[in-house]
Amino acid sequence: MINFQRVSCINGTVPLSSFLMAAEELCSMCKFVEDGEERVVIGSLDLNQCLWLPDEMTGMRPGVNEDSQTRAYLSNVCVAKELQNKGLGYALVDKSKKLAREWGITDLYVHVAIDNIAGQKLYKKSGFVYEGEEPAWRARFLGRPRRLLLWLDMNKEPL
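Just so it is clear, the structure is predicted and the values come from calculations on it, not from any experiment.

Thresholds, definitions, all that
- Residues numbered from 1 in each chain as written.
- Predicted model: local features only at pLDDT ≥ 70, side-chain atom pairs only at ≥ 80, totals over all residues.
- Heavy atoms only, no water.
- Phe/Tyr/Trp six-rings, centres within 6.5 Å; stacked < 30°, edge-to-face > 60°.
- Buried < 20%, exposed > 50% of the residue type's maximum accessible area, 1.4 Å probe, protein only.
- Lys NZ or Arg CZ within 6 Å of the ring centre and 35° of its normal.
- Pairing = 2+ DSSP bridges.
- Helix = DSSP H or I, 4+ residues; strand = E, 2+ residues; numbered from the N terminus.
- Right-handed = clockwise from strand over helix to strand, strands pointing away.
- Salt bridge = Lys/Arg side-chain N within 4 Å of Asp/Glu carboxyl O.
- Core = buried A, V, L, I, M, F, W, Y, C linked by side-chain atoms within 4.5 Å.
- Contact = heavy atoms within 4.5 Å.

Visitor: Tell me about the packing of aromatic side chains, residues and numbers included.
Guide: The tally for this structure, following the rule as stated, stands at two aromatic pairs. Centre to centre, the rings of Y123 and F128 are 5.8 Å apart; their planes meet at 75°, and the pair counts as edge-to-face. F128 shares its class with Y123; the two are buried. Lying across the ring of W151, R61 places its NZ or CZ 3.7 Å from the centre. The ring of Y90 has K125 sitting right over it, with the charged end atom 4.7 Å from the ring centre.

Below, the structure is given as structure tokens:
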């Protein structure tokens, strides 16, 4: 895609045998076999090294005239409802920060719905701070809840 340097999908998985739901209830797209063991995806996020994400607010750091290749966004962050508030989201974000560091990312962003309090708590716990918010007119135009733009200074993240 235009403006995308790299994209990586980070998944959290467990053996299917340890999952609490009946196997028939699980989406076939979430199941796979690795080394002969059936597994299921229980959480996921995308790390996008790019200047901006389509239909989203753009982060201000580094400036537009600076090296945009050091900016990245988290997107499509999700954790199975049954496993929320158990640390999986935090572990996925932590893994994405490590990969972002390997890519040379200095500024990491995430968009979160203004009414997604659990998501906001996760990102705050992960070190993100408020940078801005989407205007109400734009959210209405796009048919979604307003979003906050949160920023993480990767230069201040411990190694």
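Visitor: Lay out the pairing of strand β4 (residues 71-79) in plain terms, naming residues and giving numbers.
Guide: Moving residue by residue along a regular strand, the side chains alternate between the two faces of the sheet. Relative to β4, strand β3 (residues 37-50) runs antiparallel, the two sharing six bridges. The partner of L47 across the bridge, within β4, is L74. Both β4 and strand β5 (residues 107-113) contribute to a ladder of four bridges, which runs parallel. By the bridge assignment for β5, L74 is matched with V110. Regarding the hand of the β-α-β motif, the stretch spanning β4, helix α1 (residues 88-102) and β5 is right-handed.

Visitor: Quick rundown of the pairing of strand β7 (residues 147-153)? Include the residues and the values.
Guide: When you tally the buried positions in β7, you get six out of seven residues, the bulk of the element. Judged from the seven bridges that link them, β5 and β7 form a sheet pairing that is antiparallel. The partner of V110 across the bridge, within β7, is L150. Pairing between strand β6 (residues 129-133) and β7: four bridges, direction antiparallel. Opposite G132, over in β7, you have L149 as the bridge partner.

Visitor: Break down the pattern of salt bridges for me, citing the residues and quoting the values.
Guide: Applying the stated criterion to the full structure yields eight salt bridges. With a shortest N-O distance of 3.1 Å, R147 and E56 are connected by a salt bridge. Taken together, the residues span a long stretch of sequence, with R147 in strand β7 and E56 in the loop between β3 and β4 at a distance of 91 residues. Here R147 falls in the partly exposed class, since its relative accessible area comes to 23%. According to the relative accessible area criterion, E56 is buried, its value standing at 14%. Between R146 and E133 there is a salt bridge, and its shortest N-O distance comes to 2.2 Å.

Visitor: So what's going on with the nonpolar core? Which residues, and what values?
Guide: L47, L74, V93, L108, Y123, F128 and L150 are the most contacted members of the largest nonpolar core, which totals 26 residues. The dominant element in this core, judged by the number of residues it contributes, is α1, at five residues. For L47, the contacting residues outside a window of four places in its chain are R6, V7, S8, A72, Y73, L74, S96, L99, A100, W103 and L108. Residues L53, M57, Y109 and W151 belong to the second largest nonpolar core, which totals eight residues.

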